[in-house]
Amino acid sequence: MKFKFIPIDYSPREINEKEYIQIIGRDGTGKKICLFHEYLPFFWLIVNEKKANSIKSQIEKIVVIESGQKIIPEKVEIHEKKFLEKKVKALKIYALNYSFMQEISKKVQLLKLGKVYGNDLGEITQYICETNFSPMNFYEITGEAINENPEFSGIDKEIELSLCVKIDSIKKCDDENFSPKFMAYDIETDEIQIGEGEILMISLVDSKGNKKVITWKSQNENKKPSFVDYVADEKELLKKFADEVRKFSPDFLIGYFSDRFDFPYIKSRAEKLKIKMNLGVDDSSMKFSRGQNPAGRINGVVHVDLAKFISTAYSQYMQSETLSLNEIAKEFLGEEKLKFEFKHSSKIAEDEWEKYFEYNLQDSVLTLKLFEKFWPDLLEFSRVINEPIFEISRNGMSKNVESYVIHHLKKYDEIPERKPEHHELAQRMEREKYEGAFVFEPTAGLYEDIAMFDFTSYWPSIIVTFNLSKSTLLEKKEKDATEIEIKDKKIYFSKKIGFFPDMLKELIEKRKEYKKELQKNPDAVKRARSNAFKLLANASYGYLGFFGARYYCPEASASATAISRKFIKKTIERINKEGYKVIYSDTDSIAFLKNEKTQEEVKELLKKINNKLPGIMELELEDFYTRGIWVTKRTGEIGAKKKYALINGKNKMKIRGFETVRRDWCKLARTTQNHILKLILEDGNEKRALVYVYEIIKNLKERKIEKKDLIIRTQLKKSISEYKSISPHVIAAKRMKELNIPVSNGSLIEYYIAETSEKTKLVRDKVKLLEEKGEYNLDYYLNQQLLPAVENIFQVFNIDVKEKIEGKKQKGLNEWIN
DNA sequence: GAAGTGGATATACC
DNA sequence: ACTGGTATATCCACTTC
């Protein structure tokens, strides 16, 4: 039979001692299908060229006995390959299944016949590389239905899908429209610790518009809301949940923080209640891998924890200060969670339950909508990187960069580099930091008529232009090599283009291509694709210096920064020479005074500079600004770096580094600062800003400020006991623990500073939690929050706000502003 | 016990 | 441990006189 197919979920599967990859996806008509593909896992052995044949016959004779099993290589082939651009002779050694392959590779390593590669790739990654049967693309499949095939002896009956096919051949074909079936879920429980309390309810919302809450609480048929399904107890709740998921059979099951909460919670309760949660299409149960990155997996249904994906793919663009569903939904959907005051279920009154159900349902509704919003991104990440959505949604950017590289090595005939071993990791982590980018020291002041340039994709463009990578790094000077000086040492890179810079170049070109198409004809998929390319390109510089990277090359990272410093400084000089005045620069951007010249002249200068830039390096105009302000550091007269505010012709502000944008400052300080920056940038003087600050200080002193504007939020970055220095937020966290409020590594701790009777110098002794009664500490909020946030802004106008406050008593507004 | 300094810590910028 | 280095600022911990 022959049909079109889009692969979504992959898993290895052994049937009658034969290794298959089970692939679940949909055909052209939207029917869910399960494919089986015979597959022999393999690894590479790079050998001494002359001994290849003899080593081959040696390997063919290997027999490993492991727990009574006889393990032998299935097949050994000799190949001409490349490793880090160098030609090598390599043996490709196949085994019956993945664990056999591991055993044989161990034995081969023991025999010291050469160096082993590729055994550290995941089986699915290797399978996709080998077959080019990539996730989320359409293929034409030929194969036979397995129900008549004795080889599979009844496997198809285990699988709930109507069609199971053994693959004969795969051919790429044109993509078709694909709308996935998906379902969002969310649970409510009595305890926050995994499995400690009962699950009270589960909400389910799917892409067909069904919405429901399953619960065993508050059984009142007369007052039952239409979306609620009652069951007898928690056990029935879990069974019903499994039934509903199986019945709907989604491609994607979506949760929010579900890898850390909902999924393990359900699994743990099911184990306690001794019920099977066989959600998998093959009747398998939920699988949960603990560890640094916990992940919940269901065979044939891709479980996605959206929170994780949003944080890796979007956090750099987000306004939200936390990843909470409420904040993220507000930012991306303009919708919020419902309000509900949490109580233990035993304390919830009969008439409050409906609210709780609605609250629970809304969480799934928001999760579903967020999935729709981010679906193009998940899809394009998967297509660009060539890894399944299950992986790309959980992996960090460094892993995604690495996956991209591994999946594109084929073109270069490269054998993949190994992951660093444990001792190597330790060694790499001890490496001294190399010198980074250049930051210009500004002079504090209010400036007018500013232009800003920045280099497009600075790091990637440097890596590509100068061919920086592990495989192009030369051991010694060669003729026609690029010489780069780092810390009085010279290092060299070949000019023969390496695969890493070449891939990066392709990424940048594709990004440009899609960005252009996007501007012509915008749609969410193109935007997502362009964004995926951009994110991968941007992360590639960090990847080179990341200790966990297969293609780790700190020399390349250090060279990239050395080159970046050289070019930004040269460009600054150039701009100054043309009669402008550079006032600030950070890494890849330059702000300068236009000095009466026209915008056209600035653009001309840009062109001239670009004509001289090598390779794919490019400078672009970021914007023109009518005004900008730079302030001094808190200590001394020196201009502060990474702290400025600009306003453009459309009165749009760009604020960087100021307390306004820092979440660990109270709202009062932040909004006040934001407002005075706005007034100053709009007016070009400090008059209105002064009046405003006067009013705020007056309110503060009269204790008119609401407590919610005085909350300080600080994140707990490790567990409480690990802190060497007990700062205010650690005290607050300790107190929360005493009060049985859940706190853990990563929690955002909220507290305020209160007036206390004790005479103490330490801020931490004045910390109070929000639920603790107390008056705000006037001195603290004035001198440690409000004034620091505004002082150095007024200092630009030679106004000492503090002196003004302390100087005269009982002054009115007129005295204040004069 | 006040003053000064360095370390620990959090967060932002690019 | 899960991309890099540069930078500011706060508060604690400790030393010194």
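Structure: see above.
Predicted, not measured: the structure shown is a model, and the values here were computed from it.

Definitions and limits used
- Residues numbered from 1 in each chain as written.
- Chains lettered and ligands numbered in written order.
- Predicted model: local features only at pLDDT ≥ 70, side-chain atom pairs only at ≥ 80, totals over all residues.
- Heavy atoms only, no water.
- Helix = DSSP H or I, 4+ residues; strand = E, 2+ residues; numbered from the N terminus.
- Rg over C-alpha atoms; globule rule 2.2 N^0.38 Å.
- Buried < 20%, exposed > 50% of the residue type's maximum accessible area, 1.4 Å probe, protein only.
- Contact = heavy atoms within 4.5 Å.
- Areas by Shrake-Rupley, 256 points an atom, 1.4 Å probe, with all protein chains shown as cover.
- Lys, Arg positive; Asp, Glu negative; His and termini not counted.
- Charge placed at Lys NZ, Arg CZ, Asp CG, Glu CD.
- Near = heavy atom within 4 Å.
- Polar contact = N/O pair within 3.5 Å; in protein donor to acceptor, adjacent residues only side chain to side chain.
- Nonpolar A, V, L, I, M, F, W, Y, C, P; charged D, E, K, R; others polar.
- Pairing = 2+ DSSP bridges.
- Axes fitted to C-alpha atoms, helices over the stretch in contact; angles between N-to-C directions.
- Salt bridge = Lys/Arg side-chain N within 4 Å of Asp/Glu carboxyl O.
- Phe/Tyr/Trp six-rings, centres within 6.5 Å; stacked < 30°, edge-to-face > 60°.
- Lys NZ or Arg CZ within 6 Å of the ring centre and 35° of its normal.
- Patch = residues over 30% accessible without salt bridge, like charges linked within 9 Å, V, L, I, M, F, W, Y side chains within 5 Å.

Here the focus is the overall build of chain A. A tally of regular secondary structure across chain A gives 23 helices and 31 strands. Radius of gyration (C-alpha) of chain A: 31 Å, near the 28 Å computed for a compact globule of 818 residues. With respect to the three principal axes, the spread of C-alpha positions in chain A is 95 × 85 × 55 Å. Relative to its full complement of 818 residues, chain A shows a buried share of 54%. Long-range pairs, those at least 24 residues apart, make up 66% of the contacts in chain A between residues at least 6 apart in sequence. Total accessible area on chain A is roughly 39200 Å²; 47% of this is exposed by carbon and sulfur atoms. A gap of 4 Å separates the mean positions of the 142 positive and 129 negative side-chain charges of chain A.

All right, on to the protein's contact with DNA strand C then. Around DNA strand C lies a shell of 31 residues, among which Gln292, Ser398, Gly436, Lys641 and Tyr780 are the nearest. Taking all atoms of DNA strand C within 4 Å of the protein, the share assigned to sugar and phosphate is 87%. A distance of 2.7 Å separates a phosphate oxygen of DNA strand C from a polar backbone atom of glycine 436. Broken down by secondary-structure element, the contributors of at least two residues to the surface near DNA strand C are α15 (524-544), β27 (639-648) and α21 (778-795). Looking at the surface near DNA strand C, its residues break down into 14 nonpolar, eight polar and nine charged.

The next thing to look at is the sheet that holds strand β24 (residues 581-586). Across a sheet, paired strands are connected by hydrogen bonds in the backbone, their directions being either parallel or antiparallel. Strand order in the open sheet formed by six strands is β24-β25-β20-β26-β27-β28, and the pairing between neighbours is antiparallel. Two strands close off the open sheet at either side, each with one partner strand: β24 and β28 (653-656). If you compare each strand with its neighbour and ignore which way they point, the axes differ by 35 degrees on average.

Applying the stated criterion to the full structure yields 65 salt bridges. With a closest N to O distance of 3.7 Å, arginine 297 and glutamate 391 form a salt bridge. Of this pair, arginine 297 sits in strand β18 (residues 295-297) while glutamate 391 sits in helix α10 (residues 389-392), and the two are 94 residues apart along the sequence. Bridged by salt links that share partners, the residues Lys172, Asp175, Glu380, Arg383 and Arg529 form one connected network.

A few words now on the packing of aromatic side chains. Aromatic ring pairs: the centre-centre distance and the angle between the two ring planes describe each pair. Taken as a whole and judged by the stated rule, the model has 48 aromatic pairs. On the basis of an interplanar angle of 35 degrees and a centroid distance of 6.2 Å, the ring pair of phenylalanine 5 and phenylalanine 133 is categorised as tilted. Taken together, the positions of phenylalanine 5 in strand β1 (residues 2-15) and phenylalanine 133 in the loop between α3 (123-131) and β10 (139-145) put the pair 128 residues apart, joining distant regions of the chain. When the centroid spacing of 5.3 Å and the interplanar angle of 75 degrees are considered together, the rings of tyrosine 580 and phenylalanine 592 count as edge-to-face. Of the two residues, tyrosine 580 sits in the loop between α16 (554-577) and β24 while phenylalanine 592 sits in strand β25 (residues 589-593), which places them 12 residues apart along the sequence. Residue classification places tyrosine 580 among the buried residues on the basis of a relative accessible area of 6%. Between the NZ or CZ atom of arginine 703 and the centre of the ring of tyrosine 776, over which it lies, the distance is 5.0 Å.

Turning next to a nonpolar patch on the surface. There is a patch of nonpolar side chains on the surface, built from Val63, Ile65 and Ile72 and spanning about 260 Å² of accessible area. Judged by its relative accessible area of 39%, isoleucine 72 is partly exposed.

A few words now on the protein's contact with DNA strand B. Residues in contact with DNA strand B amount to 20 residues; listed here are only the nearest, Asp588, Tyr644, Gly657, Lys718 and Tyr723. Contacts to DNA strand B include lysine 642, whose side-chain N or O atom sits 3.0 Å from a base oxygen. Contact distances for DNA strand B include 2.5 Å between a phosphate oxygen and a side-chain N or O atom of tyrosine 644. Elements with a minimum of two residues in the surface near DNA strand B: β27, β28 and β29 (712-715).

Here we come to the environment of aspartate 454. Mapped onto the secondary structure, aspartate 454 falls in strand β20 (residues 445-455). In this structure the C-alpha to C-alpha distance between aspartate 454 and isoleucine 21, which are 433 residues apart in sequence, comes to 47 Å. Dropping the residues within four chain positions of it, aspartate 454 is found in contact with Asp588, Ser589, Glu618, Leu619, Glu620 and Glu622.

By the criterion of burial, α3 is predominantly enclosed, with seven of the nine residues buried. Among the residues of α3, Glu123, Ile124, Thr125, Gln126, Tyr127, Ile128 and Cys129 are the ones counted as buried. With its phi angle positive at about 60 degrees, asparagine 132 sits one or two positions after the end of α3.

Let's shift gears to the environment of glutamate 160. Following the sequence through the fold, glutamate 160 ends up in the loop between α4 (155-158) and β11 (163-172). With 470 residues separating them in the primary sequence, glutamate 160 and tryptophan 630 have C-alpha atoms 65 Å apart. Aside from chain neighbours lying at most four places away, what touches glutamate 160 is Arg246 and Val281.

So, on to the sheet that holds strand β15 (residues 228-230). Read from one edge of the open sheet, six strands run β15-β14-β13-β12-β16-β19, paired in mixed fashion. Because the sheet does not close on itself, it has two edges, and the strands there are β15 and β19 (302-305). Along the sheet, successive strands turn relative to each other by an average axial angle of 25 degrees, direction set aside. Summarising the sheet, strand β12 (residues 182-189) and strand β13 (residues 199-206) pair through seven bridges and their orientation is antiparallel. If you follow methionine 183 over to β13, its bridge partner there is aspartate 206. In the packing of helix α6 (residues 262-272) onto the sheet, the strands contacted are β12, β13 and β19, and the crossing angle to β12 comes to about 65 degrees. Packing against the sheet, helix α7 (residues 306-314) makes contact with β16 (252-255) and β19, and its axis sits at approximately 60 degrees to β19.

The next thing to look at is the side chain of serine 393. Along the chain, serine 393 falls in the loop between α10 and α11 (397-407). A polar side-chain atom of serine 393 sits 2.8 Å from the main-chain carbonyl oxygen of isoleucine 389. Once residues within four sequence positions are removed from consideration, serine 393 is found in contact with Val304, Lys308, Phe309 and Leu378.

α7 sits mainly inside the fold: seven of its nine residues count as buried. Burial in α7 covers these residues: Leu306, Ala307, Phe309, Ile310, Thr312, Ala313 and Tyr314.

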